[in-house]
Amino acid sequence: MIKKEMIAMLLAGGQGSRLGILTADVAKPAVSFGGKYRIIDFPLSNCINSGVDTVGVLTQYQPLRLNTHIGIGIPWDLDRNVGGVSILPPYEKSTSSEWYTGTANAIFQNMRFMELYNPEYVLILGGDHIYKMDYEVMLDFHKASKADVTLATIPVPVEEANRFGVVITDEHKQIQEFEEKPEHPRSNLASMGIYIFSWSVLREALLKLKDQPSCDFGKHIIPYCHEQGKRIFAYEYNGYWKDVGTLCSYWQANMELIDLIPVFNLYEEFWKIYTKNELVSPQFVAEEAIIDKAIIGEASEIYGEVHNCVIGSGVYIAPGAVVKDSIIMSSASIGQNTVVDRAIIAEKAQVGNNCILGTGEDIPNRVKPDVYSFGLVTIGEDSIVPDNVRIGKNTAISGETVISDYPDGVLASGETLIKAGEKI
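Residues numbered from 1 in each chain as written. Predicted model: local features only at pLDDT ≥ 70, side-chain atom pairs only at ≥ 80, totals over all residues. Heavy atoms only, no water.

### Structural notes on the overall build of the chain
Turning to step 1, where the next piece is worked out: Counting its secondary structure elements, the chain contains eight helices and 31 strands.
Turning to step 2, where the next piece is worked out: On C-alpha atoms alone, the chain measures out to a radius of gyration of 23 Å, which is about the 22 Å that the 2.2 N^0.38 rule sets for 424 residues.
Turning to step 3, where the next piece is worked out: Its C-alpha atoms give the chain principal-axis dimensions of roughly 65 × 50 × 45 Å.
Turning to step 4, where the next piece is worked out: The buried share of the chain, reckoned over its 424 residues, is 53%. (Helix = DSSP H or I, 4+ residues; strand = E, 2+ residues; numbered from the N terminus. Rg over C-alpha atoms; globule rule 2.2 N^0.38 Å. Buried < 20%, exposed > 50% of the residue type's maximum accessible area, 1.4 Å probe, protein only.)

In structure tokens, the structure reads:
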């Protein structure tokens, strides 16, 4: 039997429905971020930087791009003969076949993978947050506290605490109470969804609750361990951590990368963020181009103006185009004399000539006001926007659209244009 001190189980199967059309055909952890990265690059990089060299990645929703991106783990130095990275999708068993129905259920279904390494500790991670954390420091805290379970926590503004699971601790950081999204929170210490379990404790809890429908760590496993008198501690993290689960937070996190002194620095030598690098040509910036505060990916061609933007690789911005406060993902194109203001444009989307994106009043979206908000224009993967159209705020477009789809050449603020067969 192979023995590892700590292995990581990375939950990367989430749909990310609050990102709307950005996750129509791709799992949330595989969504582009910061021009050249994908969201899952951050927890994977944290693992290898922390000395955790055995990672099981649990996939479910739209796994193809995620699987292709991770491959055998070469960019993260996780291509190991013993350990390394393993993709763990749901699979058919001799007696049944079932999807992962909850975070803990997904881990339970991969009990054999964990038993293969017989670890002392198991690190449970989500695949959809942007942060840098040394898990080895958290493990040292777990050991020093003689903990059975350690939760990574972060202080949040008290007015936002009702969005999180919060914990109440004593002076030694031992958790006394849990409150799951309380209406009137008594603490501002929020769970980050990162856990270290002593393996024997996790195994016992998973087996005990294996028949619990939609078994979840926050709702079932942690409360069960608390009821059993296990020692549960809060490891307080005070660095940058961003849940990019909404279009608003996703846009804000990208924009923060291009601040003069970014809160989250992608360029630190001592804690690198690794990703799969394609073999592409260098970027090209034309003599007439104007660029002000931007991240520009490899193989992009810039002929127009770019102000305060995150631009992926292989992007084409035509002469006369002006792009402001926007995220343009890889291989997208912006036509001549087109103005783009506060937009998220997904991979391989094409925006025509003489268009205006982000115009008009800030009217709530009629179909999904909680998703398409913050005055953003969101254009899905492989979508086509024809020449000479005006697109308002809080709008969403997905699919190959033509001029007849736009009454009088306009998609008004708050409207949604999803072509047949596309997901909203």
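### What to know about unusual backbone geometry
Turning to step 1, where the next piece is worked out: For Asp77, which is not a glycine, the phi torsion comes out positive at approximately 55°.
Turning to step 2, where the next piece is worked out: For Asp77, the position within the fold is in the loop between α2 (64-70) and β5 (84-88).
Turning to step 3, where the next piece is worked out: Of the residues examined, Asp77 reaches a relative accessible area of 43% and is grouped as partly exposed.
Turning to step 4, where the next piece is worked out: Positioned with a positive phi, Asn337 is a non-glycine residue whose angle comes to about 60°.
Turning to step 5, where the next piece is worked out: Inspection of the secondary structure assignment puts Asn337 in the loop between β21 (333-334) and β22 (339-341).
Turning to step 6, where the next piece is worked out: On the accessibility criterion, Asn337 (44% relative accessible area) is partly exposed.

### Some details on a nonpolar patch on the surface
Turning to step 1, where the next piece is worked out: Judged by side-chain polarity, Ile2, Val82 and Leu116 come together as a nonpolar surface patch covering roughly 220 Å² of accessible area.
Turning to step 2, where the next piece is worked out: Here Leu116 is to be found in helix α4 (residues 111-117).
Turning to step 3, where the next piece is worked out: The exposure class of Leu116 is partly exposed, given its relative accessible area of 43%. (Patch = residues over 30% accessible without salt bridge, like charges linked within 9 Å, V, L, I, M, F, W, Y side chains within 5 Å. Areas by Shrake-Rupley, 256 points an atom, 1.4 Å probe, with all protein chains shown as cover. Salt bridge = Lys/Arg side-chain N within 4 Å of Asp/Glu carboxyl O.)

### Notes on helix α5 (residues 135-144)
Turning to step 1, where the next piece is worked out: Here α5 has its buried residues at Tyr135, Met138, Leu139 and His142. Angular distribution of buried residues about the axis of α5 spans 100°; they occupy a single face of the element.
Turning to step 2, where the next piece is worked out: Taking the backbone nitrogen of Glu136 as reference, a side-chain oxygen 2.9 Å away marks Asp134 as the first, capping residue of α5.
Turning to step 3, where the next piece is worked out: Immediately beyond the C-terminal end of α5, within one or two residues, lies Lys146, with a positive phi of roughly 55°. (Arc of directions from axis to C-beta. Polar contact = N/O pair within 3.5 Å; in protein donor to acceptor, adjacent residues only side chain to side chain.)

### Brief notes about the pattern of salt bridges
Two side chains carrying opposite charge are able to pair once their charged atoms lie near each other.
Turning to step 1, where the next piece is worked out: Scanning the model with the defined rule gives 20 salt bridges in all.
Turning to step 2, where the next piece is worked out: A salt bridge links Arg38 to Glu347; its shortest N-O distance comes to 2.9 Å. In this pair, Arg38 is assigned in strand β3 (residues 37-38) and Glu347 in the loop between β23 (343-345) and β24 (350-351), connecting sequence segments 309 residues apart. Accessibility classification places Arg38 together with Glu347 in one group, the buried group.
Turning to step 3, where the next piece is worked out: Salt bridges sharing partners connect three or more residues here, namely Lys4, Asp53, Asp77 and Arg80.

### A few points about the sheet that holds strand β14 (residues 284-285)
Turning to step 1, where the next piece is worked out: Across the sheet, six strands lie side by side as β14-β16-β18-β21-β24-β27; this open sheet has parallel pairing. Of all the strands in the sheet, the pair left with one neighbour each is β14 and β27 (384-385).
Turning to step 2, where the next piece is worked out: One ladder, built from two bridges, connects β14 with strand β16 (residues 301-302); its direction is parallel. Across the sheet, residue Val285 finds its bridge partner in β16, namely Ile302. (Pairing = 2+ DSSP bridges.)

### Topic: helix α1 (residues 41-49)
Turning to step 1, where the next piece is worked out: Burial of α1 is extensive: eight of the nine residues sit out of reach of the surface.
Turning to step 2, where the next piece is worked out: Restricting attention to buried positions, one finds in α1 the residues Asp41, Phe42, Pro43, Leu44, Ser45, Asn46, Cys47 and Ile48.
Turning to step 3, where the next piece is worked out: Within two residues after α1, Gly51 carries a phi angle of roughly 85°, on the positive side.

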